[in-house]
Amino acid sequence: DAGVTQSPTHLIKTRGQHVTLRCSPISGHKSVSWYQQVLGQGPQFIFQYYEKEERGRGNFPDRFSARQFPNYSSELNVNALLLGDSALYLCASSLEGNYGYTFGSGTRLTVV
Amino acid sequence: GEDVEQSLFLSVREGDSSVINCTYTDSSSTYLYWYKQEPGAGLQLLTYIFSNMDMKQDQRLTVLLNKKDKHLSLRIADTQTGDSAIYFCAESSGGGADGLTFGKGTHLIIQP
């Protein structure tokens, strides 16, 4: 069975640009969460979606947005990129969003 | 905000047991997790424990939870070179809508 898949694996963007990251959850999982992990730190919670609705949001600016589609896949969008947005972006899926989170391998975003 | 603390480094000899410790502050934590991250990779879920449990064992892994002291530990028996990685402690509460709160991770270093 496929695990959580994220695309692309690596991405280089210029300051001020926009980026879209994608995530497909484990089959049967209805919840997707997004995390940002900067070098040397633990992941920080950005969003959680369950059944296509936003269930929770972390302490991130409005430049960050996300959505979940009817097939439970998800996109994370970041506008007006800053150098500080350079990080590993991780997607996690779970059955109903309350425990047992499985992470993907992440998208490494570099902003130059 | 709520916090999760871990030691940054742990060095053990191959074949010995490793014990990685974690403390957390959120008294409403429902689930507590241990994740493993190898260089350049995503997070691998090792195990998780519900807050009404004291202990969970899974092959070489033993998790102990002291809810009164808000202390969680992960013991890895017979540590091997393949166990070399960063280990993250994380907690969730409130049904998961606030996402996981991670520590900064413990680098486990294996000496031959």
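This text goes with the structure placed above it.
Residues numbered from 1 in each chain as written. Chains lettered and ligands numbered in written order. Predicted model: local features only at pLDDT ≥ 70, side-chain atom pairs only at ≥ 80, totals over all residues. Heavy atoms only, no water.

Caption draft 1: Representation of the state of the cysteines. Applying the stated rule across the entire model yields 2 disulfides over all chains. In this model, A:Cys23 is linked to A:Cys91 through a disulfide, with the two sulfur atoms separated by 1.8 Å. Every disulfide takes its handedness from the sign of the S-S torsion; for A:Cys23 and A:Cys91 that torsion is -65°, giving left-handed. Of this pair, A:Cys23 sits in strand S3 (residues 19–24) while A:Cys91 sits in strand S9 (residues 87–94); the two residues are 68 residues apart in sequence, bridging distant segments of the chain. Residue A:Cys91 is classed as buried on the basis of its relative accessible area, which comes to 0%. Bridging B:Cys22 to B:Cys89, the disulfide has an S-S length of 2.0 Å. (Disulfide = S-S within 2.5 Å. Helix = DSSP H or I, 4+ residues; strand = E, 2+ residues; numbered from the N terminus. Buried < 20%, exposed > 50% of the residue type's maximum accessible area, 1.4 Å probe, protein only.)

Caption draft 2: Local environment of the packing of aromatic side chains. Considering all chains together, one arrives at 17 aromatic pairs over all chains under this definition. Aromatic pair A:Tyr35 and A:Phe45: ring centres 5.6 Å apart, planes at 55°, arrangement tilted. Highlighted residues: A:Tyr35 in strand S4 (residues 31–37) and A:Phe45 in strand S5 (residues 44–50), separated in sequence by 10 residues. Residue A:Tyr35 is classed as buried on the basis of its relative accessible area of 0%. Aromatic pair A:Phe103 and B:Phe102: ring centres 6.0 Å apart, planes at 75°, arrangement edge-to-face. In this pair, A:Phe103 sits in strand S10 (residues 102–103) while B:Phe102 sits in strand S10 (residues 101–102), so the two residues belong to two different chains. Assessed through its relative accessible area of 7%, A:Phe103 is described here as buried. The ring of A:Tyr50 carries A:Arg55 above its face, with NZ or CZ at 4.4 Å from the centroid. The lysine or arginine in question, B:Lys56, covers the ring of B:Tyr48, its NZ or CZ lying 4.6 Å from the ring centre. (Phe/Tyr/Trp six-rings, centres within 6.5 Å; stacked < 30°, edge-to-face > 60°. Lys NZ or Arg CZ within 6 Å of the ring centre and 35° of its normal.)

Caption draft 3: Layout of the sheet that holds strand S8 (residues 74–78) of chain A. All names here are of chain A. Sheet architecture is open: 4 strands sit in the order S1-S3-S8-S7, paired in antiparallel fashion. The outermost strands of the open sheet, each flanked by one partner alone, are strand S1 (5–7) and strand S7 (64–68). Averaged over all neighbouring strand pairs, the angle between strand axes comes to 15°, with direction disregarded. Examined bridge by bridge, S3 and S8 share 5 bridges and lie antiparallel to one another. Bridge pairing in S8 links Val19 to Val78. (Pairing = 2+ DSSP bridges. Axes fitted to C-alpha atoms, helices over the stretch in contact; angles between N-to-C directions.)

Caption draft 4: Summary view of the interface of chain A and chain B. The partner chain B presents 20 residues to the 21 residues of chain A that form the contact. Buried surface at the junction of chain A and chain B, summed over both partners, amounts to about 1,500 Å²; 56% is from carbon and sulfur atoms. Considering only the surface of chain A that becomes buried against chain B, A:Tyr99, A:Tyr101 and A:Phe103 emerge as the three largest contributors, covering 31% of it. Seen at the junction of chain A and chain B, the total is 0 salt bridges. Applying the counting rule to chain A against chain B returns 4 residue pairs in polar contact (both at pLDDT 80 or more). Where the side of chain A that touches chain B is concerned, the elements lending two or more residues are S4, S5, strand S6 (53–57) and S9 of chain A. The greatest single-element share of the side of chain A that touches chain B, amounting to 3 residues, is contributed by S6(A). For the side of chain A that touches chain B, the class distribution of residues is 8 nonpolar, 11 polar and 2 charged. (Contact = heavy atoms within 4.5 Å. Buried area = accessible area lost by both parts, 1.4 Å probe. Salt bridge = Lys/Arg side-chain N within 4 Å of Asp/Glu carboxyl O. Polar contact = N/O pair within 3.5 Å; in protein donor to acceptor, adjacent residues only side chain to side chain. Nonpolar A, V, L, I, M, F, W, Y, C, P; charged D, E, K, R; others polar.)

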